[in-house]
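Examining the three-dimensional arrangement
Listed below are the residues making up each chain.
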Amino acid sequence: MTLTPGTHLGPYEILAPLGAGGMGEVFRARDTRLEREVAVKVLPEEVASDPERLRRFEREARAVAALSHPNVLAIHDVAREGEAPYVVTELLEGQTLREALRQGPLPLARALDQAAQIARGLAAAHERGIVHRDLKPENVFVTRGGLVKILDFGLARLEPEPQAPTTQLRTQTLATGPGVLLGTAGYMAPEQVRGEPADHRADLFAFGCLLYEMLAGRRAFQRDSAVQTMNAILEAEPEPLPRAQPGVPPPVRWIVERCLAKDREQRYQATGDLVRNLEDVRAHLSEISSVAPADAPPRAAARRRLTPWLAAAAAASAGVALLLLLVPRHAPSEPPAVSYLTYSGRDSAPAVSPDGRLVAFTSSRDGTHRIWLKQLAGGSEAPLTAGPDHRPRFAPDGASLLFVRDQGDGTTALYRVATLGGEPRKVLDDVGAADWAPDGESIVYVRRGDRAGRQVSFSLELVRPDGSGARVLAEDLGGVLTTARWSPDGERIAVIRAGTQSGTPHALLVLDRDGRELASTSLGTQGVGSLSWTADGRAILFPLLSAISAGGAPTGSSRLQLWRPGSGRSRTILRLADPTLAAVPAGAGRLVLEAVSPRQSLREESLDGSAPPRWLTRGHSTDRQPAYSPDGDSIVFSSYRGGNLDLWTVDRHSGAVRRLTDDPTEDWDPAFTPDGRHVVWSSRRGGHFEVWMAGRDGSGARQVSRDGVDAENPTVSPDGAWIVYNSGNPGGPGVWKVRSNGRDAMHLAEGATLVPEVSPDGRHVLYLVNPQLLQRAIRVVRLEDGAAVDFEIELELRRGSLDALDVGRARWMPGGDAIAFLAYDEDGVAGIFVQDFASGRDTSDTRRKLAGFERDGLTETFGIAPDGARITLSIRDTTSSLMLVDNVPGLGAGAAGGR
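Residues numbered from 1 in each chain as written. Predicted model: local features only at pLDDT ≥ 70, side-chain atom pairs only at ≥ 80, totals over all residues. Heavy atoms only, no water.

1. Considering the overall build of the chain
Along the backbone of the chain there are 12 helices and 60 strands. Out of the 899 residues in the chain, the part that is buried amounts to 57%. By sequence separation, contacts in the chain at least 24 residues apart represent 49% of the contacts at least 6 residues apart. Total accessible area on the chain is roughly 35,800 Å²; 46% of this is exposed by carbon and sulfur atoms. (Helix = DSSP H or I, 4+ residues; strand = E, 2+ residues; numbered from the N terminus. Buried < 20%, exposed > 50% of the residue type's maximum accessible area, 1.4 Å probe, protein only. Contact = heavy atoms within 4.5 Å. Areas by Shrake-Rupley, 256 points an atom, 1.4 Å probe, with all protein chains shown as cover.)

Encoded structure:
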């Protein structure tokens, strides 16, 4: 059918031709009803003249239209003009993947980003039984904004239900080039080449061909003719990626190899598993890219070696994905071997019995935190206590356990219980952590108390197992005491002292039995798990975390450290792609790990209930601190999804996610300027946090503040004249304002403050005061001169709480007459409240719930839409599992007894 500009197909006016292919001609057109430009594809005559094919195509096109997925080309309409059937789709601006690949291989980060988008689109189609069957670079489109769209499901078919006769939806042979082929030579799965029925796993083979080509810059199977190419698909292997592109890290190569398996049973069986593997690798790219690639082993051997990692990565959907990335320079003859001990995704805080046969741990798999026991050999598991209980520790004889119980009134207490069961017995109150002395005659514990102003204090104390004879061993150690462990000889106690403020380093201390410090080492500022002594008592083992979010969630990768007291710095013995909170020796070269899979995603909700909640981001990244653009169309947020803490944006309508910053240091806590043309945030790229500003696309980044120590939480006045931020500089802590050129800095509020925000009318600034106290408050000052406003919202943390939460994070409601803030409700569940703002009046009686308050997902940060109709919550859903690692270097022989 010949169409010229001005021709009408129903309500669509043809504007210009766009191209032609095996599945018809494509035209730019205008939808005269909705006044938008679209693409119209007129199907070829052979389809129009075959009623059965036409009916099937229309049915399948409508099935694809029902996907409504950001990575699948949106189909708006399927109709006919006379005898000419046509399909109306969204109009895209950009280029096909084939056009992009003509410039050579893609950078690794871009290739993985685009590959993950393709996989997500395929997963959505496969979940509905739709198979593409002709996935190739020509059928993948990359928009100017970086969004990837899968095109042309013209060869797609609906997979039959398992019980349906396959003849109902028989595969058709379609001509796509010289000769008759099902699909396109070079991207066809072996079963397609053999003429066998193809299911979704054929798409995964084609995906492997795509990813190989994106990384290597040439096709995986390229021969002089189509016949030779198809023979290569059946018989040959592509050139190993380490030779085709040496910079490709091993985990990426493994994904490609699994997709390109000749036997479909050896490929991913669920496309969602492929998506999760890609997202895991993307999230830790900076970590794995630092590992020097090795020569590819023979194919069969490679598959045998990769199985543990692939199984762990696939298990991320139900629990934790853990990847050992690096063994030390002096590796043992066998590499570390990883296996799962528990599978609920709700297991933590392991302790190993002195004989190495039992593991005690905390699990909330049934809704209550209890102490469970598991046999390392037999594998059976059973609950030991009623709960809510935490942090078990075996007695030296293995006959009993210590644990910490939440008493329900906001306090905790230390209990002991027989390993064989029975009624627990209280030892004493206000205990945060404890450990048995090797002789069983005393217990060391951390006591949590209050000082003036209700600030939490910590002291290290000793007590007898019956609760008598308590005495202070050490106090005023300068921070939060999180872990205390006796050495195997009973002469020393190791303690972790966590910093209390941003930029304050953590430390590992070793004390004698009288509380005198024998040795110490700095652990940096990012985060640290619990510690254990090695069996010989010569060294201390502990994980270092790459980062802890402001809400207390572990994020990023971790390193397992070994430190000999008095020997200087610790050394790394293993690198782990996900956060590890505990590493307990369980025999010669064996460890039990608590591995965490942090997932913090953005979910948008309508505040009037007019629309159901929807996920804006969802995966295994840590997405937080959302802030709406002034037009309400996009959201800027901070995330570790690229392997580093950077700024990203998500389009609310298309779901497209774009990276704004890629500096190797941390960028976080972003906000748009009122005109929407710039973004401000806090960055550590100068060695400490300062306020930075860049264009909306991340270009032209420049430093604004000159605090010199710690400038964070920037927000911009409505007229764009002032940037307000929080300073942790001891010389002038509090809330400050500064011009966008860095001049005219002025102190607005003094003291310990956090998270200021300017009101919509530009008159006021709210901020959190006393962030390190149990009793916090939200206060308000005038932006003009910093004069205090007679208004306060009181916030109280739960005393003794084992959860860390950014309580008090607050934002103005769009009208400026109310403040939304994060706090606990009467049941101890976190969510967003809103309370009226009125100077000189107590408005506490107007406090009401706004959003959140879910037990299965912790609300951590949030953003309010400019029109006040929507809210985006950062929901934390962290899973944790126990892992067993064998062949760990650097550990002494013999069971360590969980010391």
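Still to come is the rest of the account.
2. Section: the sheet that holds strand S52 (residues 775-782)
Strand order in this open sheet of four strands is S50-S51-S52-S53, and the pairing throughout is antiparallel. Looking at strand neighbours, the two that pair on one side only are strand S50 (753-758) and strand S53 (788-796), the edges of this open sheet. Here the strands of the sheet are splayed against their neighbours by 20° on average, with no regard to which way each runs. When strand S51 (residues 764-769) meets S52, the two strands line up antiparallel, connected through six bridges. Within the sheet, the bridge partner assigned to Leu768 lies in S52 and is Ile778. (Pairing = 2+ DSSP bridges. Axes fitted to C-alpha atoms, helices over the stretch in contact; angles between N-to-C directions.)

3. Side note on the side chain of Thr753
With respect to the element layout, Thr753 can be found in strand S50. Exposure remark for Thr753: the relative accessible area of 5% places this residue in the buried category. Of the polar contacts made by the side chain of Thr753, one reaches the side chain of Asn726; its length is 2.2 Å. If we skip the residues at most four places from it in the chain, Thr753 touches Asn726, Gly734, Val735, Tyr767, Leu768 and Pro771. (Polar contact = N/O pair within 3.5 Å; in protein donor to acceptor, adjacent residues only side chain to side chain.)

4. Concerning the pattern of salt bridges
The tally for this structure, following the rule as stated, stands at 53 salt bridges. Between Arg685 and Asp667 there is a salt bridge, and its shortest N-O distance comes to 2.8 Å. Taken together, the residues Arg685 in the loop between strand S43 (678-683) and strand S44 (690-695) and Asp667 in strand S42 (residues 667-672) connect sequence positions 18 residues apart. For Asp667, a relative accessible area of 0% puts it in the buried group. Salt-bridge contacts for Arg782 lead to Asp785; the nearest nitrogen and oxygen are separated by 2.4 Å. Shared partners join several salt bridges into a network, and the residues in it are Glu604, Arg614, Arg652, Asp867 and Arg870. (Salt bridge = Lys/Arg side-chain N within 4 Å of Asp/Glu carboxyl O.)

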